[in-house]
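Chain and residue survey
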Amino acid sequence: MKVIFAGTPAFAHSALRAVCDAGFEVPLVLTQPDRPAGRGMKLHESAVKAFARQRGIAVAQPRSLRLDGRFASDAEAARQAILDAQAQVMVVAAYGLILPQWVLDLMQPPRDGAAPGWGCINIHASLLPRWRGAAPIHRAIEAGDACTGVTIMQMDAGLDTGDMLLVQHLPIKHTGPDADTTGSLHDKLAALGAELVVNVLQRAGQGGVQARKQPIDGTTYAHKVEKVHALVDWTLSAELIERRVRAFDPSPGAWTGLDGEVVKLWRSEVGDLTSEHGGLSGTILAVEAGGIEVACGLGVLRLHELQRAGGKRMDAGAFLRGTALQPGMRFVSPSAGA
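Reading the values: rules and limits
- Residues numbered from 1 in each chain as written.
- Predicted model: local features only at pLDDT ≥ 70, side-chain atom pairs only at ≥ 80, totals over all residues.
- Heavy atoms only, no water.
- Pairing = 2+ DSSP bridges.
- Helix = DSSP H or I, 4+ residues; strand = E, 2+ residues; numbered from the N terminus.
- Axes fitted to C-alpha atoms, helices over the stretch in contact; angles between N-to-C directions.
- Buried < 20%, exposed > 50% of the residue type's maximum accessible area, 1.4 Å probe, protein only.
- Salt bridge = Lys/Arg side-chain N within 4 Å of Asp/Glu carboxyl O.
- 1 Å grid on protein atoms, 1.4 Å probe; cavity = no way out; pocket = protein on both sides within 12 Å on 5 of 7 lines; lining within 4 Å.
- Points joined across faces, edges and corners; volume = space filled by probe spheres on them.
- Nonpolar A, V, L, I, M, F, W, Y, C, P; charged D, E, K, R; others polar.
- Contact = heavy atoms within 4.5 Å.
- Phe/Tyr/Trp six-rings, centres within 6.5 Å; stacked < 30°, edge-to-face > 60°.
- Lys NZ or Arg CZ within 6 Å of the ring centre and 35° of its normal.

**Describing the sheet that holds strand β7 (residues 119–124)**
Sheets are built from strands paired through backbone hydrogen bonds, the pairs being either parallel or antiparallel. Pairing is mixed across the open sheet formed by seven strands, whose spatial order is β5-β2-β1-β6-β7-β9-β10. Looking at strand neighbours, the two that pair on one side only are β5 (58–60) and β10 (164–171), the edges of this open sheet. Sheet twist, expressed as the mean angle between neighbouring strand axes with direction ignored, is 20°. Relative to β10, strand β9 (residues 147–154) runs antiparallel, the two being bridged by seven bridges.

Below, the structure written as C-alpha cells:
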C-alpha cells in the first residue's frame with residue numbers, strides 16, 4: 001500500500017516515522033512551507049520535512065491547497081504530485097492546512113480502475129466528538145478531563161466530523177510532581193497516534209477496517225490557543241489557574257505581571273481551597289524557597305517554577321534570589337496597572 005503523508009510538527013513526525021518503519025511505501029509528503037524562527041528569524045524546515053529528506057521522500061510545500069485561491073499554482077502543483085504518487089491513502093496529522101473537497105475526492109475510490117483507495121485518514125489527539133478543532137490537548141488539560149486519547153478517523157468536509165476507525169483512551173495525570181502538561185501529554189499522544197495509525201493501515205491492507213459514526217452528544221470545540229488566553233486571571237479558582245499553567249506549557253506559557261514586567265508561570269500547586277485568605281486576587285501571601293503563595297478568587301496557588309522576561313525557568317528559591325518579593329505585593333495583568 002502506498003501512503004501519502006500530510007503533516008508538519010513533531011506530533012506528525014512520530015507518525016510518519018512509524019508508517020515508514022512499518023514498511024509502507026511513502027512516495028510523497030505534504031508539509032507546511034519553511035517558517036522563520038529563532039532570534040535570527042532564519043527559515044526552518046518542519047520536523048516532517050527534515051525526516052522526509054533523510055528518507056529520500058519527495059516533499060511538496062504548497063502555501064495553500066485552494067485551486068481558486070491566491071496560491072493556485074501551488075495547489076495545482078500539489079494536485080499533480082498527489083496524482084503522480086498513485087497512493088491508496090493519505091494520512092493526515094497536524095498538517096496545518098485545510099484539505100479542500102478536491103483532495104478528499106481525489107483519494108476516494110474508485111479511481112480509474114486502480115486499487116481501492118481508503119481516502120484521507122486523520123490522527124486526532126482527542127476522544128471525538130470531544131475537542132474537535134485546533135487545540136485538543138491544551139483544552140483537555142484546561143478542562144480537567146480525566147482522560148483523553150487518540151481517534152483515527154476518516155476525513156470528510158466537516159471539522160473533525162468524520163467516521164471513526166479506531167479509538168484508544170489515555171488517562172490524564174492532574175496531580176503530583178509528574179502531572180501532565182501539554183508538552184508531556186503531546187509526547188504520549190504522538191506515540192499512541194503513531195501506533196494506532198499503523199494498526200489501521202495494516203488492517204486496511206487486509207480489508208478489515210470498519211468505520212462507525214461519531215456520537216451526536218458530547219461535542220465540544222478546542223479553539224486555537226492565543227497568547228491572551230494564557231494571561232492569568234487571578235479572580236478564578238486556584239484549581240483552574242493551576243490547570244491552565246499546565247495546559248499552556250510549553251506554549252504560549254501562562255503569564256502575569258509584576259511591577260510592569262511579564263512573569264511566566266511554569267509549575268504550580270493548588271493550596272488550601274477552603275482558606276479564607278482575605279487578600280485581593282493576585283496578592284502574594286507567603287514568600288518561601290519552597291513556593292510562593294498567591295491569593296486566587298477561590299483558594300491559594302503555590303508557585304514552584306517561574307521565569308522573568310528574557311530569563312530562564314527557575315524554581316521559586318532561585319527566582320527569589322534575583323527578585324525581591326514580599327507578602328502584600330500583587331501579580332496583575334501588565335495592562336491593568338496596579
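**Overview of the pairing of strand β15 (residues 291–295)**
Within a regular strand, side chains alternate between the sheet's two faces. Most of β15 is tucked away, with four of its five residues classed as buried. Where strand β14 (residues 284–288) folds back onto β15 in an antiparallel hairpin, the turn is made up of two residues. In this structure, β15 lies alongside strand β16 (residues 300–308), joined through four bridges in antiparallel fashion. Following the sheet pairing, Val294 is matched in β16 by Leu301.

**Quick notes on the pattern of salt bridges**
Oppositely charged side chains may form a pair once their charged atoms are brought near each other. For the structure shown, the criterion picks out 18 salt bridges. A salt bridge links Glu142 to Arg139; the nearest nitrogen and oxygen atoms lie 2.8 Å apart. Here Glu142 and its partner Arg139 are both found in helix α5 (residues 136–142), three residues apart, which amounts to about one turn of the helix. With a relative accessible area of 10%, Arg139 lands in the buried category. Put simply, Arg313 and Asp249 hold a salt bridge, and the shortest N to O gap is 3.0 Å. Remark: Asp249 occurs in the loop between α7 (238–247) and β12 (254–258) and Arg313 occurs in the loop between β16 and β17 (314–315); sequence separation between them is 64 residues. Residue classification places Asp249 among the buried residues on the basis of a relative accessible area of 9%.

**Let's talk about the layout of surface pockets**
Of the volumes computed, that of the largest pocket is approximately 1400 Å³. Lining the largest pocket are 48 residues, with Ala94, Tyr95, Gly96, Gly133 and Ala134 positioned closest to its centre. Residue assignment for the lining of the largest pocket shows that the elements contributing at least two residues are α4 (101–107), β7, α5 and α6 (182–205). Broken down by class, the residue content of the lining of the largest pocket amounts to 25 nonpolar, 17 polar and six charged. Taken together, 19 residues form the lining of the second largest pocket, with Gly176, Ala179, Glu242, Arg246 and Ser268 sitting closest to its centre. Of all elements in the fold, only α7, β13 (261–270) and β16 reach the threshold of two or more residues within the lining of the second largest pocket.

**Overview of the side chain of His138**
The residue His138 is located in helix α5 in this model. By relative accessible area, which is 17% here, His138 ends up buried. In contact with His138, other than residues within four places in its own chain, are Thr182, Val225, Ala247, Phe248 and Ser251.

**Some words on the packing of aromatic side chains**
Scanning the entire structure with this criterion turns up one aromatic pair. Seen from their ring centres, Trp234 and Phe331 are 5.9 Å apart, and the 25° between their planes marks the pair as stacked. With a gap of 97 residues between them, Trp234 in the loop between β11 (221–222) and α7 and Phe331 in the segment after α8 (316–322) connect regions that are remote in the sequence. The buried category is assigned to Trp234, whose relative accessible area is 4%. When its relative accessible area of 1% is taken as the criterion, Phe331 is described as buried. For Lys227, the ring lying beneath its charged end belongs to Trp255, and the centroid distance is 5.3 Å. The positively charged end of Arg313 is found above the aromatic ring belonging to Trp266, 3.7 Å away from the centroid.

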